[in-house]
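Read off the chains here:
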Amino acid sequence: MRVEITVSETPDFYLERFYVGNLVLPGNRRSASPGLIAHTPGVTPELAAEWLRAAPLLPPPPHETSAEMPGALGLLKGTGGDSVLVKAQRNDAGLPQLLYVLTPREALDATRGNALTFRALALMDMPAFSEARADLQPFALRCLPPLTPDAQSDILNALLALCQDSFRVVEGLLAALIEGLPLAIVSSPLSAELRLRFVTGLLALLPPPVRTVTTFVTHASDPALVRADIKFLTARAVPTDHLVYDWASGELLTPAPANAYAHYITAQLRLDPSLVVEQTEQLATTIVWRARHASDLGEALSW
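A.B. asks: Before we go on, may I ask you to explain the overall build of the protein in this structure?
C.D. replies: Looking only at helices and strands, one finds ten helices and 15 strands in the protein. Relative to the compact-globule value of 19 Å for 303 residues, the protein shows a C-alpha radius of gyration of 19 Å, a close match. Seen along its three principal axes, the alpha-carbon backbone of the protein occupies a region of about 65 × 45 × 35 Å. Relative to its full complement of 303 residues, the protein shows a buried share of 51%.

A.B. asks: Would you mind going over the packing of aromatic side chains with me for this structure?
C.D. replies: When we look at a pair of aromatic rings, we describe it by the centre distance and by the angle of the planes. What the rule picks out here adds up to seven aromatic pairs. Judged by centre distance (5.1 Å) and plane angle (40°), the rings of F198 and W247 are tilted. One end of the pair, F198, is in helix α6 (residues 192-203); the other, W247, is in the loop between β14 (243-246) and β15 (251-252), and 49 residues separate them in sequence. Accessibility assignment for this pair places F198 and W247 in one class, buried. Taken together, the ring pairs in this structure connect F198, F232, Y245 and W247 into an aromatic cluster.

A.B. asks: Just to check I follow, could you spell out the packing of helix α5 (residues 167-179) against helix α7 (residues 260-271) for this structure?
C.D. replies: Packed helix pairs are characterised by how far apart their axes lie and by the angle those axes make with each other. At a minimum axis separation of 9 Å, α5 and α7 run at an interaxial angle of 145°. Considering the relative orientation of α5 and α7, their crossing is right-handed. The segment α5 lies against α7, with F167, V170, E171, L174, A175 and I178 engaging Y261, A262, H263, I265, T266, L269 and R270. Broken down by class, the residue content of the contact of α5 with α7 amounts to nine nonpolar, two polar and two charged.

A.B. asks: In this structure, what is going on with the pairing of strand β9 (residues 96-103)? I would like to understand it.
C.D. replies: Along a regular strand, successive side chains alternate from one face of the sheet to the other. Where burial is concerned, most of β9 is hidden: seven out of the eight residues are buried. Sheet topology places strand β3 (residues 17-21) next to β9; four bridges connect them, and they run antiparallel. Paired with V20 across the two strands is L98, which belongs to β9.

A.B. asks: Is there a simple way to explain empty space enclosed by the protein in this structure?
C.D. replies: Over the atoms a probe the size of a water molecule is rolled, and this reveals where empty space is left. Within the structure shown, the criterion is met by one cavity of 30 Å³ or more. The volume enclosed by the largest cavity comes to roughly 60 Å³. Here the residues of the lining of the largest cavity sort into six nonpolar, five polar and one charged.

A.B. asks: What exactly am I supposed to notice about the pattern of salt bridges here?
C.D. replies: Two side chains with opposite charge may pair up if their charged atoms get near one another. One pass over the structure, following the stated rule, counts seven salt bridges. With a closest N to O distance of 3.0 Å, D109 and R105 form a salt bridge. Of this pair, D109 and R105 both sit in helix α2 (residues 105-111), four residues apart, which is roughly one turn of that helix. For R105, a relative accessible area of 37% corresponds to the partly exposed category.

A.B. asks: Is there a simple way to explain the environment of V84 in this structure?
C.D. replies: Structurally, V84 can be placed in strand β8 (residues 83-90). The class for V84 is buried, based on a relative accessible area of 0%. Taking the C-alpha atoms as reference points, V84 and P104, separated by 20 residues in sequence, lie 7.8 Å from one another. With near-sequence residues (within four places) excluded, V84 lies in contact with W51, A55, G74, L75, L76, Y100, V101, L102 and T103.

Cut-offs used in this document
- Residues numbered from 1 in each chain as written.
- Predicted model: local features only at pLDDT ≥ 70, side-chain atom pairs only at ≥ 80, totals over all residues.
- Heavy atoms only, no water.
- Helix = DSSP H or I, 4+ residues; strand = E, 2+ residues; numbered from the N terminus.
- Rg over C-alpha atoms; globule rule 2.2 N^0.38 Å.
- Buried < 20%, exposed > 50% of the residue type's maximum accessible area, 1.4 Å probe, protein only.
- Phe/Tyr/Trp six-rings, centres within 6.5 Å; stacked < 30°, edge-to-face > 60°.
- Axes fitted to C-alpha atoms, helices over the stretch in contact; angles between N-to-C directions.
- Left-handed = near helix turned anticlockwise from the far one by under 90°.
- Contact = heavy atoms within 4.5 Å.
- Nonpolar A, V, L, I, M, F, W, Y, C, P; charged D, E, K, R; others polar.
- Pairing = 2+ DSSP bridges.
- 1 Å grid on protein atoms, 1.4 Å probe; cavity = no way out; pocket = protein on both sides within 12 Å on 5 of 7 lines; lining within 4 Å.
- Points joined across faces, edges and corners; volume = space filled by probe spheres on them.
- Salt bridge = Lys/Arg side-chain N within 4 Å of Asp/Glu carboxyl O.

Given below as structure tokens:
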């Protein structure tokens, strides 16, 4: 990984990446079997295979894609706790293909929980490869400037609007996230940006040090097979062992757990979003210490 600081002091990270899929041969034929087809010099076949096992993701079916959401994007974790960005999408030849971007803690922390940092990756084309390559350039992750307090309040207001102004829904979603119950956001619009805004709004309810521990996928073909905290589905479904929120109706389809932090911070949101911004910043130092000694988010945010 290489880091560069721009004039605005917003860091750019240059990250190892690799593609998994089929080569496109003359006559638009595909290679016999999918595999590692292109990578940066720092990626070995063993490393690629390890991430493929740890963080699988499937492209959405064609009828669940759009110009605003050409594929699925996930921020996932491996067995050792390292993070990876995964993009699952059909390539220029129409074949399913995966892109993995290895995302170390330093790069993830620099995003400050702003999932919109990954918007460009979610929308970019998926190139086809006619021959295997081991000389790819690193992926440039350009972090956005830190959100001002007013911008954070806007993000929180946007989340509330996406939850149809229901504080009960917001509290339930946050409680489930803290308690380790995966979220399934069903009947979601075909927009990667809207789905990333939803994630960013939820994370803004947490103190900054723990915003980057949450994982998500913008599309889950099978929620049971995707290991993520927040999963978006285009169809209306009620997967088991998830808190299910129906984006279209604005209703929770399954019961939400109780959580004291979620109840408190939602009460602050009800009074004024700026109070959430103040409280989460004030809690940052305490949460850093707790997070070092806690086994999960619920323990770090015990109230």
